[in-house]
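Chain by chain, the residues run as shown.
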Amino acid sequence: MSVDQRDGDVATGADSSVVAHHSEAEAAERFAVRSAAALLGAVGIGIGFGVLTALVRTRWEPMQTADQTVTDHLVAVVAENKALQSTVTGITELGATSTLVVVLAVATVWLLLLRRLPRLAVYVVLTAAGGLILNPVVKELVARLRPVVDEPVYTTDGWSFPSGHAMSSLVCYGVVLLVFTPTWQAGARRAATVLAVGIVVAIGVSRIALGVHYLTDVLGGWLLGTLWLVLATVAFHRWRRDARIDSTAPLPGDVAPAEEDDLRPVPVQHPPTLPHPWRGIGELAVAWVLLVGGLVGIGMLVRTLDTETAVLGWDHRVVAMLAEHRNSTLTSILDVFGEIGNTIAIITVALIVAALAVGIARNWRPVLFLGTALLGEITLFLTTAAIVDRDRPRVAHLNPDLPPTASFPSGHVAAALTLYAGTAALVWATTRRWQYRVFAAAALLVPALVAAQRLYAGAHHPTDIIGSILLSSIWTPIVWWVVRPVSTVDRSALPQARPARRSSSAS
């Protein structure tokens, strides 16, 4: 090697070291500025929460009066409208501990098992757990009674200040935003932030409208949740720096370029989800119309035979026999599967399956498949039930608050079969491991038990169940054929462990 070449290499190395040193200095400066801003914000939020807590503890009269007035007005509006009451109750469930645990569990599984990012998984778990511990501790210290209203529409126990739903939902959805959205494009990130804020605000308002919290309880929950989220995030940043963890490790709200692709559901350079979307929509529309026609024809025939002949006498005898042999033990067991088949449970399980499917496949097609299958199922069910309009069995119903839909076909069974059969098909198509395939096959027992519960509860005839099986068993394969959810998925197995990255010092 010539002297000139050696000199050039030395100069290049010196330039690289200068650039690296400059980048590290910029990163350190950025960290210091952001940490200072976060701590100042935390101080301001802490002062606000302290003042509000003091006013609540001293029962400041003007605040008490305003609180009661707001609660009375909102509760009166909700109490007069049953549909609004159901809507508000549904919104409040988005902030329930069970719902938030599911969201955080899916996020943790994604980070820990699918993406091998244990530090972020620890951040999610500890931040969420701290919020769940902190709220009841503060409630016990303040010991504020819940509101008393003229027309109670919802009941719960425990102390009132601060609102656990308001605080926990802010921490939960805030953690999800901080961890996952930094890799998104600006527009998508803003949309996700607006959606998360909207959900948190709606949950807080729902707690007041149901008469279980005052306005200041909700404000206190938001302040305490924000304070905890900021402190936990700053502590996580400092822990990483003090531990001298590899600088390529991702941080909440500050993801390193080397890790961005791990946090994206699907790589940036990825084939389109559906190469010919309009053709696919046309195929699904034709299939939907033809299937509606077939189901309505079968349903009208069943209704005619049911009302004008004795051909379907067995249909009624089966339901009557089950109603005569009810007992408390069997009722308790089957009621679980009745709940599994309701709309909320189906949506929850579908979201979990969709999130895990994207994490495993790095492809949007499994989500498109499940979403299209379930959307088609619900529209097919509602359309067919409205046209056929078959009466429900003439027996005592275990669930007197049955939805206003008709008996043919069963929406619970059709939804459960579509979801669990679709999930089983995805598992069988994406792995050859017998353990996963056995688990997928066992999942098919769920719609069978949902069907048994609907018959046992007197909600449907056997022919209604048959109609649901026809609906799902025809529609789901059609959607699979159009979407082809595993055509670009690696069929070898579930994701393997990523090779360890070399640290910058070893390079």
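Here the structure is shown first, and the text comes after it.
Quick caveat, the model's predicted, so the values are computed rather than measured. (Residues numbered from 1 in each chain as written. Predicted model: local features only at pLDDT ≥ 70, side-chain atom pairs only at ≥ 80, totals over all residues. Heavy atoms only, no water.)

Counted at 1.5 Å a residue, the expected span for helix α4 (residues 97-114) with its 18 residues is 26 Å, and the 24 Å between its end C-alpha atoms agrees. All of the buried residues along α4 are L100, L104, V106, A107, T108, W110, L111 and L114. At the exit of α4 stands R116, carrying a positive phi of roughly 55 degrees. (Helix = DSSP H or I, 4+ residues; strand = E, 2+ residues; numbered from the N terminus. Expected span 1.5 Å × (residues − 1). Buried < 20%, exposed > 50% of the residue type's maximum accessible area, 1.4 Å probe, protein only.)

Glycine aside, residues mostly have negative phi, and peptide bonds are mostly found in the trans state. Cis rather than trans, the peptide bond between F161 and P162 has omega equal to -10 degrees. Here P162 lies in the loop between α5 (118-142) and α6 (164-180). The amide bond that connects F408 to the next residue, P409, takes the cis arrangement and shows omega of -10 degrees. Its place among the elements puts P409 in the loop between α14 (365-388) and α15 (411-430). In this model, D389 sits at a positive phi of 55 degrees, which is unusual for a non-glycine residue. Relative to the assigned elements, D389 resides in the loop between α14 and α15. We note that R484 has phi near 50 degrees; this positive angle belongs to a residue other than glycine. The topology assignment puts R484 in the segment after α18 (462-483).

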